[in-house]
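Here is how the chains run, residue by residue.
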Amino acid sequence: MEEIGMRQVAGEVTLRLEDVTKIYEMGDEKIYALDRVTLNVEKGDFLTVMGPSGSGKSTLLNMIGCLDLPDEGSVYIDEDDVTNLEDNELTKIRRDKIGFVFQQFNLIPTLTALENIELPMLIKRIPQDQCTKSAKNILSTVNLPEKFASHLPSELSSGQQQRVAIGRSLANDPSIILADEPTGNLDTKTGEGIMKLLKGLNEEGKTIIVVTHDPRLSSYSNKTVRIVDGRIEEDVS
């Protein structure tokens, strides 16, 4: 297999969507949030999903992240059809294979930066001393000085909070990182720093999927698709 740094290439599929449809009913009207979407993402890809508000981007991310299931079609992660799995099996996939980064950060306000990163590991019942050691290493990975480890989210800047959120997504060493508008609440310079951080994680082997309406972010990815009205209109990679 050809390697670029630690990236795995040569067509290994991490996830696949086949004719995925998601329908919401509003009275007598059916709204197609996703309409027969087919998409392949290979190991080591950095994929940007572009589209305006209401286009289906977040619904697509929810399908990939096993937060929701399609009404029609199938979602495969490492060749497992997640649409046929039980809730406990989906929970395990989310815990072990997927890291989530949100626009609103979603940090627990009563926990410190270090504790927010430790939490997914504690849920997995990893011993406390190992959690703390790993969390400190992750702080270094996301370029957040250890002096901020004891700070609550309210004591951190927006950019620092997003770094903690990315750190938390790395806690259980997932192969896939999903980021929903990760720079949406950040100024341009801070946003660039976050995207460079995600790019660095990609170069170390993580598969990154970023959902955004900002066309500038596509410069960090090796693949870009555009979704409009629930359909992938074009592959602009």
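The shown structure was predicted, so the numbers you read here are calculated from the model rather than taken from an experiment.

## Comments concerning the nonpolar core
Ranked by internal contacts, the top residues of the largest apolar core, which has 34 residues, are Ile166, Leu198 and Val210. Put simply, the parts of the chain that give this core at least two residues each are α3 (113–123), α4 (128–141), α5 (158–169), β9 (176–180), α6 (188–203) and β10 (207–212). Apart from the residues within four sequence positions on either side, Leu198 is in contact with Phe46, Ile166, Ile177, Ala179, Pro182, Ile208 and Val210.

## Description of the layout of surface pockets
Over the atoms a probe the size of a water molecule is rolled, and this reveals where empty space is left. Roughly 460 Å³ of internal volume is contained in the largest pocket. Surrounding the largest pocket, 19 residues form its lining, Arg94, Arg95, Phe100, Pro120 and Ile123 being those nearest its centre. At the level of secondary structure, the elements contributing two or more residues to the lining of the largest pocket comprise α2 (87–97), β8 (98–102), α3 and α5.

## Examining the pattern of salt bridges
Under the defined criterion, the tally for this structure stands at 13 salt bridges. A salt bridge links Arg36 to Asp35, with the nearest nitrogen and oxygen atoms 3.0 Å apart. Accessibility expressed as a relative area gives 11% for Asp35, which makes it buried. Beyond isolated ion pairs, a larger network of salt bridges with shared partners links Arg16, Glu18 and Glu79.

## Comments concerning α3
The complete set of buried residues in α3 reads Ala113, Leu114, Asn116, Ile117, Glu118, Pro120 and Met121. Buried residues in α3 make contact with α4 and α5. With its phi angle positive at about 65°, Arg125 sits one or two positions after the end of α3.

## Quick word on a nonpolar patch on the surface
Residues Tyr24, Met26 and Ile31 make up a contiguous nonpolar surface patch of roughly 290 Å² in combined accessible area. Residue classification places Tyr24 among the partly exposed positions, given a relative accessible area of 37%.

## What about the packing of aromatic side chains?
Under the defined criterion, the tally for this structure stands at one aromatic pair. Consider the rings of Phe100 and Phe102, whose centres lie 6.1 Å apart with planes at 5°: the pair is stacked. One cation-aromatic arrangement involves Arg16 over Tyr76; the distance from NZ or CZ to the ring centre is 4.2 Å.

## Considering unusual backbone geometry
Negative phi characterises most residues that are not glycine, and trans characterises most peptide bonds. Of note, Asp19 is a non-glycine position whose phi angle comes to about 50°, a positive value. Residue placement: Asp19 occurs in strand β3 (residues 13–26). On the accessibility criterion, Asp19 (46% relative accessible area) is partly exposed. Here Cys66, not a glycine, exhibits a phi torsion of approximately 60°, which is positive. Turning to its location among the elements, Cys66 is positioned in the loop between α1 (57–64) and β6 (72–77).

Analysis parameters
Residues numbered from 1 in each chain as written. Predicted model: local features only at pLDDT ≥ 70, side-chain atom pairs only at ≥ 80, totals over all residues. Heavy atoms only, no water. Core = buried A, V, L, I, M, F, W, Y, C linked by side-chain atoms within 4.5 Å. Buried < 20%, exposed > 50% of the residue type's maximum accessible area, 1.4 Å probe, protein only. Helix = DSSP H or I, 4+ residues; strand = E, 2+ residues; numbered from the N terminus. Contact = heavy atoms within 4.5 Å. 1 Å grid on protein atoms, 1.4 Å probe; cavity = no way out; pocket = protein on both sides within 12 Å on 5 of 7 lines; lining within 4 Å. Points joined across faces, edges and corners; volume = space filled by probe spheres on them. Salt bridge = Lys/Arg side-chain N within 4 Å of Asp/Glu carboxyl O. Patch = residues over 30% accessible without salt bridge, like charges linked within 9 Å, V, L, I, M, F, W, Y side chains within 5 Å. Areas by Shrake-Rupley, 256 points an atom, 1.4 Å probe, with all protein chains shown as cover. Phe/Tyr/Trp six-rings, centres within 6.5 Å; stacked < 30°, edge-to-face > 60°. Lys NZ or Arg CZ within 6 Å of the ring centre and 35° of its normal.

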